[in-house]
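An overview of the molecular structure
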Amino acid sequence: MAFIKRVLPGTARGRLHLGALICVAAFLAVFPGVSRPYTTIFTASILMYIILSLSWTFFSGKTGYISLATAAFYGIGMYIEAILGRYIPLPAAMLVAAAAGFLIAAGIGAITLRLRGVYFTIFTFGLVLLLQNLVLWIEIRFFHTKGRIVTSGDFTFVYYCILAVFVILLIAAVIMRRSRFGLALECIGQNEDSAAHIGVDTTRTKILAFAVSAAPVSAVGAAMATRVGYIDPNIAFNLLMSFMPVLMAIFGGTHSLYGPVFGALVLTLLEEKLIRGYQEYYMIIFGAVMIIAVSFMPKGAAGIAESVFLKLRRRLRPRSHPRNDGGARDE
Amino acid sequence: MAMLEIENLSAGYGNVQVLRDVSLSVDEGRIVALLGANGAGKTTLLNAIYGLHKPSSGTVVFRGRRIDDMPGDKIIEQGIAYLPEGGRLFPDMSVKENLEMGAYPRGLWRDRKRDLERVYKLLPRLGERKKQLARTMSGGERQMLAMGRCLMSDPKMCFFDELSYGLAPKMAQEVLGMVKELNAGGLSVLLVEQNVRQTLEVADYAYVMENGVIALEGEGRSLLDNEHVKKAYLGL
């Protein structure tokens, strides 16, 4: 009980957010029962993108180290399900995938996170290509095949598995935000030297956060593999899966939890609409939206929402926080 | 036995040697100043003492324990806090969060609420502004916040690097006054400054660094009358 009390948000606003989250989760939990199969599958892929962009934001959004390795961890998850899928149930394979993602990310982090700035980004980009070609070589050399058939599962069950990852990730993200670890990450993002100065072991903290952020990505990759049916290295390690979460998080805004969720939701819907209606123009329109978003919404959709909210509040309660114009921060 | 005892400390960057056999000590309850021009090696010395820059030789002993090979968080737990030049705050975090990070080392994190109350009592203006973002504060307030962050770890000794730099003369005076007050409350201080006259007026003892060596040392006020100090630093 004491633990629950400690974790529960103390402010009214915090409780409101928590209530909203519970409502959304409850809605998503009964969703497959009332919707058509296609909608359930589509919702699962929205959730998948939300998980990817939240995970990305957890590390890159906070620390400012832009990772393009999402596709690598996603592909690792897919391959683990492809190999283990026929021996163990999906949740078990997802756990194995999460553990594998965590360990591999920790190893990669240990090599690269001592570097600062753009080197890390380039390395993670190369990692996807490296894994893609390495797996291709292994498959051809040792298994004399290019791709693998993945045992497909019941889509409602897969949906619930992804929903579970989503809920766990959200809870973890909320707890992490105000924790010692979360604050240390934020400090690293704002000024790494200062963080080291006040005693943060920056390298260790970065490696741990990077590893933690990879686990849900691999887990969800394992779940989504059952939806694809067949994978080969080009499908599993698809660079688009590295870029999409970044775009979604930037579109939504990386400074709050709602940002990446909103960004993933909107862009997945947009992608779906464009692919179905205007396949030839899909990438053109999508790219244009991104350019506009990046140029005119530096803090993403969440940043716009926040400034509108602050303006409204100032109008309703004039001069209540004279020095806090946009500079205050709720607990 | 001095509280902080530095012996024959040398350090450098690559082939460039910045510190040469620097020895210095700070007694408990005193304000000791470290003066010198830009590039004399003052900040490098602080970083070397604090484990942020590995010294090539020499020892640092704090309250009878060697600290020159301890990691940063352990040194903070030993009771030294270091306010770097410019404060190095986290601009997009609130006053409260900035303060909390001063208690980051594991041994201190649990008691951060109590320390927060103590710091608010000491520097009430921070308590009034706890939700404000650090970047929206004035230069003097920021320096105060940086001080508060140091005090969060309940240190026995503080290093203040260029506290008055970039502040209006009146503000600089006020900040130095705060140092004096904290010292009266029992805090030992190592004060690094370019502002020679004001510093020598509050310091009990002072070292003057030139090109990586201690060129001169003496009681604070006596140095004000030293011919070399007068010529090189006071422009008399």
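Residues numbered from 1 in each chain as written. Chains lettered and ligands numbered in written order. Predicted model: local features only at pLDDT ≥ 70, side-chain atom pairs only at ≥ 80, totals over all residues. Heavy atoms only, no water.

**Some remarks on the overall build of chain B**
Of regular secondary structure, chain B possesses 11 helices and 10 strands. Rg of the C-alpha trace for chain B: 17 Å, near the compact-globule value of 18 Å for 236 residues, within the 12% margin. Each principal axis of the C-alpha distribution contributes one length, and for chain B these read about 50 × 40 × 35 Å. Sorting the 236 residues of chain B into buried and exposed places 56% on the buried side. In chain B, of all internal contacts separated by at least 6 residues, the share reaching a separation of at least 24 is 67%. Of the accessible surface of chain B, which amounts to about 10,200 Å², a share of 46% is contributed by carbon and sulfur atoms. Side-chain charges in chain B split into 31 positive and 31 negative, and the spacing between the mean points of these groups amounts to 6 Å. (Helix = DSSP H or I, 4+ residues; strand = E, 2+ residues; numbered from the N terminus. Rg over C-alpha atoms; globule rule 2.2 N^0.38 Å. Buried < 20%, exposed > 50% of the residue type's maximum accessible area, 1.4 Å probe, protein only. Contact = heavy atoms within 4.5 Å. Areas by Shrake-Rupley, 256 points an atom, 1.4 Å probe, with all protein chains shown as cover. Lys, Arg positive; Asp, Glu negative; His and termini not counted. Charge placed at Lys NZ, Arg CZ, Asp CG, Glu CD.)

**Some words on the interface of chain B and chain A**
With 29 residues of chain B in contact, the opposing surface of chain A contributes 27 residues. At the boundary of chain B with chain A, total buried surface from both sides reaches about 2,600 Å², with 53% on carbon and sulfur atoms. Counting the surface chain B buries against chain A, the share from its top three residues, F90, Y104 and K131 of chain B, is 26%. The tally of links from chain B across to chain A stands at 0 salt bridges. Where chain B touches chain A, the interface holds 4 residue pairs in polar contact (both at pLDDT 80 or more). At the level of elements, α2 (72-78), α3 (95-101), α4 (106-109) and α7 (139-151) of chain B are the ones that each hand at least two residues to the side of chain B that touches chain A. Take the side of chain B that touches chain A: its biggest share by element is 4 residues, from α3 of chain B. (Buried area = accessible area lost by both parts, 1.4 Å probe. Salt bridge = Lys/Arg side-chain N within 4 Å of Asp/Glu carboxyl O. Polar contact = N/O pair within 3.5 Å; in protein donor to acceptor, adjacent residues only side chain to side chain.)

**Examining the sheet that holds strand β2 (residues 16-26) of chain B**
Residues and elements named next belong to chain B. The strand order β2-β1-β4-β5 describes an open sheet built from 4 strands, whose pairing is antiparallel. Each edge of the open sheet is held by one strand with a lone partner, namely β2 and β5 (65-66). As paired strands, strand β1 (residues 4-13) and strand β4 (residues 57-62) are joined by 5 bridges and run antiparallel to one another. Within the sheet, the bridge partner assigned to S10 lies in β4 and is S57. (Pairing = 2+ DSSP bridges.)

**Re the packing of helix α3 (residues 37-63) of chain A against helix α7 (residues 155-177) of chain A**
Residue and element names in this part refer to chain A. The interhelical angle for the contact between α3 and α7, taken along N-to-C directions, is 25°, at an axis separation of 9 Å. The angle between α3 and α7 places the two elements in the roughly parallel class. Regarding α3 and α7, the two cross each other, and that crossing is left-handed. Tallied by class, residues from the contact of α3 with α7 come to 18 nonpolar, 3 polar and 2 charged. (Axes fitted to C-alpha atoms, helices over the stretch in contact; angles between N-to-C directions. Parallel < 35°, antiparallel > 145°, perpendicular 65-115°, else oblique. Left-handed = near helix turned anticlockwise from the far one by under 90°. Nonpolar A, V, L, I, M, F, W, Y, C, P; charged D, E, K, R; others polar.)

**Some words on the pairing of strand β3 (residues 31-36) of chain B**
Side-chain direction in a regular strand flips from residue to residue, so the side chains alternate between the two faces of the sheet. All names here are of chain B. With 6 of 6 residues buried, β3 lies mostly within the body of the structure. On β3, burial covers both faces: I31, A33 and L35 on one face and V32, L34 and G36 on the other are all buried. In this sheet, strand β8 (residues 188-193) lies alongside β3 in parallel orientation, the contact comprising 5 bridges. Paired with I31 across the two strands is V189, which belongs to β8. With 5 bridges connecting them, β3 and strand β9 (residues 205-210) associate as parallel partners. In the strand pairing of β9, A33 is matched with A206.

**Topic: the environment of L116 of chain B**
All names here are of chain B. Mapped onto the elements of the fold, L116 is located in helix α5 (residues 112-122). L116 sits in the buried class, given a relative accessible area of 6%. Each C-alpha atom of the pair L116 and L126 lies 10.0 Å from the other, and the pair is 10 residues apart in sequence. If we ignore the near neighbours within four places in the chain, the residues touching L116 are K96, L99, E100 and M152.

**A short note on helix α12 (residues 240-252) of chain A**
All names here are of chain A. Over its 13 residues, α12 runs 18 Å from end to end, which matches the ideal 18 Å to within 8%, given 1.5 Å per residue. For α12, the complete set of buried residues consists of M241, S242, M244, P245, V246, M248, A249, F251 and G252. On its buried face, α12 sits against α3, α4 (70-84), α6 (118-143), α13 (258-277), α14 (282-296) and α15 (300-316). Just past α12, the residue G253 takes up positive phi, approximately 110°. (Expected span 1.5 Å × (residues − 1).)

**Notes on the sheet that holds strand β10 (residues 213-219) of chain B**
Residues and elements named next belong to chain B. Within the open sheet, the 6 strands sit side by side as β6-β7-β8-β3-β9-β10. Their pairing is mixed. The strands lining the two open edges of the sheet, one partner per strand, are β6 (80-83) and β10. Along the sheet, successive strands turn relative to each other by an average axial angle of 15°, direction set aside. Strand contacts of helix α11 (residues 227-234): β3, β9 and β10, with the helix running at about 60° to β9, the strand carrying the most contacts.

**Considering the pattern of salt bridges**
Residue and element names in this part refer to chain B. Throughout the structure, instances matching the rule amount to 15 salt bridges over all chains. The partner of E100 in a salt bridge is R112, and the shortest N-O contact between them spans 3.6 Å. Of this pair, E100 sits in helix α3 while R112 sits in helix α5, placing them 12 residues apart in sequence. Relative accessible area serves as the criterion here: at 5%, E100 is assigned to the buried category. In this structure, R129 engages E141 in a salt bridge whose closest nitrogen and oxygen atoms are separated by 2.3 Å. Highlighted residues: R129 in the loop between α6 (124-128) and α7 and E141 in helix α7, separated in sequence by 12 residues. Considered together, R129 and E141 belong to a single accessibility category, that of buried residues.

**Comments concerning the packing of α4 of chain A against helix α10 (residues 202-228) of chain A**
Two packed helices can be described by the angle between their axes and the distance between those axes. Residue and element names in this part refer to chain A. Direction vectors running N to C along α4 and α10 enclose 50°, while the axes themselves pass 6 Å from each other. Taken together, the axis directions place α4 and α10 in an arrangement best described as oblique. Read as a crossing pair, α4 and α10 show a hand that is right-handed. Each of T70, F73, Y74, G77, M78 and E81 in α4 lies in contact with α10, whose residues at this interface are F210, A214, V217, S218, V220, G221, A222, M224, A225, T226 and V228. Residues of the contact of α4 with α10, tallied by class, amount to 11 nonpolar, 5 polar and 1 charged.

**A short note on the environment of F286 of chain A**
Residues and elements named next belong to chain A. Inspection of the secondary structure assignment puts F286 in helix α14. A residue is classified by how much of its surface remains accessible, and F286, at 4% relative accessible area, is buried. For F286 and I83, which are 203 residues apart along the polypeptide, the C-alpha to C-alpha distance reads 35 Å. Once residues lying within four places of it in the same chain are set aside, the contact partners of F286 are M244, L247, L267, L270, E271 and L274.

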